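Listed below are the residues making up each chain.
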Amino acid sequence: MPLRRHVLLLAAALTLSAPAAFAATDPALKAAVASPTRPAGDVARDGARHPVESLTFWGLKPKQTVIEISPGGGYWTEILAPYAKATGGTYVAGVADLSNPKLSDGAKKGRADFEARFADPAKYGKPQFVNFGAQSGPLGAPGSADLVLTARNVHNWTQVPGMADKVFADFFAVLKPGGVLAVEDHRADPRSEKDAGADGYLNTATVIALAEKAGFKLDAKSEINANPKDTKDHPFGVWTLPPVRRTAPGGQPADPNFDRAKYDAIGESDRMTLRFRKPA
């Protein structure tokens, strides 16, 4: 084999193996995922969410400033905040926008409860919280974050005119040159998305186009969170599947006679897992 080709093949092999190697040598990440303080419900979802593999793919490293957008129930917070504490990093959550005069009392309470849940410095260090929403200001000082993570949120923003463009621009602004935007969302492919993701599923091309419009470059895709059993034709959209397990249209009482068997057998959705980078 010519020497040049041998060197190129070796370099490619090292590039492909680097995430796996990092996962094997990052005890802080493994410890955060294995922590006995994580809620049992979150631990039960690890087989579908692949936290070590996903965070390794996205390039999580010690001492980073990580901003998680709309953390929901705190699945990633329970890992990322202790990891930041252990490695000298900073965890920031983009949560309900208190500067919005139209913010509902429920959203205000949700943010207060979330902040209180992660207020124990012995477990979580000192998480920071920043306003996030359709009208919110910057997520932080320009070029201050190493990693912005958003999981299962983009389909919500595409339902609000102009919001997706706004928030992707916010992500680009707060990231350092070379910083990473990590995205996970329900994948419509190979079918077309419905009503800009109204059923929870988006085409991969839609998400890539939003990121590239903001200035990002697609760095890599992963099949870590793929689920070939997901037929993507469920009566109540992606929310028919676990973990939501909806049995009636949104806002209506649950239907006790709804047969959940085949949807529970599918498990959590088929998801795109993307890594974008802000050009250096």
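Before reading further, recall that the structure is shown in the block above.
Residues numbered from 1 in each chain as written. Predicted model: local features only at pLDDT ≥ 70, side-chain atom pairs only at ≥ 80, totals over all residues. Heavy atoms only, no water.

Visitor: Kindly report on the pairing of strand β1 (residues 65–69), identifying the contributing residues and their values.
Guide: Burial runs high along β1: five of the five residues are buried. Residue alternation in β1 divides its side chains into two sets, Thr 65, Ile 67 and Ile 69 and Val 66 and Glu 68, and both sets are buried. Strand direction decides the pairing type here: β1 and strand β2 (residues 90–96), joined by five bridges, are parallel. Note on β2: the bridge partner recorded for Val 66 is Tyr 91. Handedness of the crossover joining β1 and β2 through helix α6 (residues 77–87) is recorded here as right-handed. Sheet topology note: the β1/strand β4 (residues 145–151) ladder contains four bridges and is parallel. (Buried < 20%, exposed > 50% of the residue type's maximum accessible area, 1.4 Å probe, protein only. Helix = DSSP H or I, 4+ residues; strand = E, 2+ residues; numbered from the N terminus. Pairing = 2+ DSSP bridges. Right-handed = clockwise from strand over helix to strand, strands pointing away.)

Visitor: Can you tell me about the side chain of Arg 260, naming the residues and giving the values?
Guide: Along the chain, the position of Arg 260 falls in the loop between β6 (217–222) and α12 (261–266). Residues contacting Arg 260, with those up to four places away along its chain left out, are Thr 240, Leu 241, Pro 242, Arg 245, Arg 246 and Thr 247. (Contact = heavy atoms within 4.5 Å.)

Visitor: Please provide a residue-by-residue account of the sheet that holds strand β7 (residues 271–277), values included.
Guide: Strand order in the open sheet made by the seven strands is β3-β2-β1-β4-β5-β7-β6, with mixed pairing throughout. The sheet is open, and its two edges are formed by β3 (128–132) and β6, each paired on a single side. The average angle at which neighbouring strand axes cross in this sheet is 20 degrees, direction not considered. Note: strand β5 (residues 175–186) against β7, seven bridges, orientation antiparallel. (Axes fitted to C-alpha atoms, helices over the stretch in contact; angles between N-to-C directions.)

Visitor: Describe the layout of surface pockets, listing the residues and the values that go with them.
Guide: By volume, the largest pocket amounts to about 590 Å³. The wall of the largest pocket is formed by 31 residues, among which Ser 70, Ala 151, Arg 152, Asn 153 and Asn 156 lie closest to the centre. Sorting the residues of the lining of the largest pocket by element identifies β1 and α9 (154–157) as the ones contributing at least two each. Sorting elements by how many residues they give to the lining of the largest pocket places α9 first, with three residues. Of the residues in the lining of the largest pocket, the class split is 16 nonpolar, 10 polar and five charged. (1 Å grid on protein atoms, 1.4 Å probe; cavity = no way out; pocket = protein on both sides within 12 Å on 5 of 7 lines; lining within 4 Å. Points joined across faces, edges and corners; volume = space filled by probe spheres on them. Nonpolar A, V, L, I, M, F, W, Y, C, P; charged D, E, K, R; others polar.)

Visitor: Explain the packing of aromatic side chains to me, and be specific about the residues and the numbers.
Guide: Counted under the stated rule, the structure contains 12 aromatic pairs. With 4.9 Å between their ring centres and 55 degrees between their planes, Phe 114 and Phe 118 make a pair best called tilted. Each of the two residues, Phe 114 as well as Phe 118, counts as buried. Within the aromatic cluster, the residues linked to one another by ring pairs are Phe 114, Phe 118, Tyr 124 and Phe 129. Taking NZ or CZ as reference, Arg 38 lies 5.4 Å from the ring centre of Tyr 75, over its face. The ring of Phe 172 carries the charged tip of Lys 278 above its face, separated from the ring centre by 4.8 Å. (Phe/Tyr/Trp six-rings, centres within 6.5 Å; stacked < 30°, edge-to-face > 60°. Lys NZ or Arg CZ within 6 Å of the ring centre and 35° of its normal.)

Visitor: Got a sec to walk through the pattern of salt bridges? Specific residues and values, please.
Guide: A complete count under the given rule lists 20 salt bridges for this structure. As a salt-bridge pair, Asp 219 and Arg 277 come within 3.1 Å of each other at their nearest N and O atoms. Here Arg 277 lies in strand β7 and Asp 219 lies in strand β6, a separation of 58 residues in the sequence. Asp 270 is paired through a salt bridge with Lys 232; the nearest N and O atoms lie 2.7 Å apart. Of the two residues, Asp 270 is situated in the loop between α12 and β7 and Lys 232 in the loop between β6 and α12; the sequence distance between them amounts to 38 residues. For the pair Asp 270 and Lys 232, one class covers both residues: buried. (Salt bridge = Lys/Arg side-chain N within 4 Å of Asp/Glu carboxyl O.)

Visitor: Can you tell me about the nonpolar core, naming the residues and giving the values?
Guide: In terms of nonpolar packing, the biggest core is built from 29 residues, with Trp 157, Phe 168, Phe 171, Leu 181 and Phe 276 touching the most fellow members. Among the secondary structure elements, those contributing two or more residues to this core are β1, β3, β4, α9, α10 (163–174), β5, α11 (204–214) and β7. Considering every element that reaches this core, the biggest residue donor is α10, with six residues. Residues contacting Phe 276, with those up to four places away along its chain left out, are Gly 179, Val 180, Leu 181, Val 183, Val 207, Ile 208, Ala 211, Phe 216, Lys 217, Leu 218 and Asp 219. Tyr 75, Trp 76, Leu 80 and Leu 149 belong to the second-largest nonpolar core, a separate cluster that totals 28 residues. (Core = buried A, V, L, I, M, F, W, Y, C linked by side-chain atoms within 4.5 Å.)

Visitor: Describe the environment of Ala 84, with residues and values.
Guide: If you trace the backbone, Ala 84 turns up in helix α6. Exposure remark for Ala 84: the relative accessible area of 8% places this residue in the buried category. Measuring from C-alpha to C-alpha, the distance between Ala 84 and Ala 205 comes to 32 Å, with 121 residues separating the pair along the chain. Not counting residues within four places of it along the chain, the set of residues in contact with Ala 84 comprises Gly 89, Thr 90 and Tyr 91.

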